[in-house]
Amino acid sequence: MGFQDQKWYRIPGGGAVADLGEDAIYLAMSLRNVGNGIAVLDRWSVVPDRLVGDVGHEDPANFRRLTRDLYVAPADRGFWQGALRDTSDPVYEKVRDRIKAREPITVDILYGDYDGGQRMVSRFSITPGHDDAWMCVSSRHWNLDRPEPR
């Protein structure tokens, strides 16, 4: 999996990347689509903390747009990637500090189907694992275009 500035990573199933580059913070996760249709990843939000319980997501209008289209086929594996490149971004320094300290961060991903419908937000935690590895853990899901199932 590669970024536009030729930074490349191999991410195992259940794995994640939280890496500090010279000019960017690189984040990525291995994902699995457990749904029946294609998942079209659209936007994302990062929180420099591990959000647990019933803490809601931010307004999707404030999510960051992906710079390339990412699709995950039904019952298949794929990936998500995002980078923070603007050091004046209010979240940049906080995310950098969490990665340096090997503390979890939260990423919310907005995705839908190929028609732009059935939009969902799924929450993931990028968590330190053994050695220098990072893990990806899914924790919450929200329907945006229909009532919540719970």
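Residues numbered from 1 in each chain as written. Predicted model: local features only at pLDDT ≥ 70, side-chain atom pairs only at ≥ 80, totals over all residues. Heavy atoms only, no water.

A.B. asks: How should I be thinking about the side chain of S122 in this particular structure?
C.D. replies: On the secondary structure map, S122 appears in strand 7 (residues 120-128). Within the local environment of S122, its side chain forms a polar contact with the side chain of Y111, the two groups lying 3.0 Å apart. A distance of 2.6 Å separates a polar atom in the side chain of S122 from a polar atom in the side chain of H141. When neighbours within four sequence positions are excluded, S122 is seen to be in contact with V107, D108, I109, Y111, R140 and H141. (Helix = DSSP H or I, 4+ residues; strand = E, 2+ residues; numbered from the N terminus. Polar contact = N/O pair within 3.5 Å; in protein donor to acceptor, adjacent residues only side chain to side chain. Contact = heavy atoms within 4.5 Å.)

A.B. asks: Would you mind going over the layout of surface pockets with me for this structure?
C.D. replies: Rolled over the atoms, a probe as big as a water molecule pinpoints where empty space is left. What the largest pocket holds in volume is close to 550 Å³. Taken together, 24 residues make up the lining of the largest pocket; nearest its centre are N33, G35, A39, Y111 and M120. Secondary structure elements with two or more residues in the lining of the largest pocket: strand 2 (25-32), strand 3 (39-47), strand 6 (105-112), strand 7 and strand 8 (134-143). In terms of lining residues, the second largest pocket is bounded by 14 residues, among which F3, T67, Q81, A83 and R85 are the most central. Listing elements by their share of the lining of the second largest pocket, those giving two or more residues are strand 4 (64-72) and strand 5 (77-84). In terms of residue count, the dominant contributor to the lining of the second largest pocket is strand 4 (six residues). (1 Å grid on protein atoms, 1.4 Å probe; cavity = no way out; pocket = protein on both sides within 12 Å on 5 of 7 lines; lining within 4 Å. Points joined across faces, edges and corners; volume = space filled by probe spheres on them.)

A.B. asks: Explanation requested: the nonpolar core in the structure shown.
C.D. replies: Looking at soluble globular proteins, one finds that nonpolar side chains tend to be buried together. If you look at the biggest cluster of nonpolar residues, it comprises 26 residues, and the most contacted ones within it are L27, M29, L41, V46, W80 and I126. Non-local contacts of L27, meaning those with residues more than four positions away in its chain, are made with F3, V17, A18, W44, V46, W80, Q81, G82, I99, I105 and I126. Formed by eight residues, the second largest nonpolar core is a distinct cluster that contains I11, V17, Y26 and A28. (Core = buried A, V, L, I, M, F, W, Y, C linked by side-chain atoms within 4.5 Å. Buried < 20%, exposed > 50% of the residue type's maximum accessible area, 1.4 Å probe, protein only.)

A.B. asks: Can you walk me through the sheet that holds strand 6 in this structure?
C.D. replies: Note: strands within a sheet are paired through backbone hydrogen bonds, in either parallel or antiparallel orientation. Reading across from one edge, 4-3-6-7-8-1-2-5 is the order of the eight strands in this open sheet, with antiparallel pairing throughout. Pairing within the sheet leaves two strands with one partner each, and these edge strands are strand 4 and strand 5. When the angles between neighbouring strand axes are averaged without regard to direction, this sheet yields 30°. Where strand 1 (residues 15-20) lies against strand 2, five bridges are found, and the strand directions are antiparallel. Each bridged residue has a counterpart across the sheet, and for A16 the counterpart in strand 2 is M29. (Pairing = 2+ DSSP bridges. Axes fitted to C-alpha atoms, helices over the stretch in contact; angles between N-to-C directions.)

A.B. asks: Please clarify how a nonpolar patch on the surface should be interpreted in this entry.
C.D. replies: On the surface, I38, Y71 and Y114 cluster together to form a nonpolar patch covering roughly 360 Å² of accessible area. Along the chain, the position of I38 falls in the loop between strand 2 and strand 3. (Patch = residues over 30% accessible without salt bridge, like charges linked within 9 Å, V, L, I, M, F, W, Y side chains within 5 Å. Areas by Shrake-Rupley, 256 points an atom, 1.4 Å probe, with all protein chains shown as cover. Salt bridge = Lys/Arg side-chain N within 4 Å of Asp/Glu carboxyl O.)

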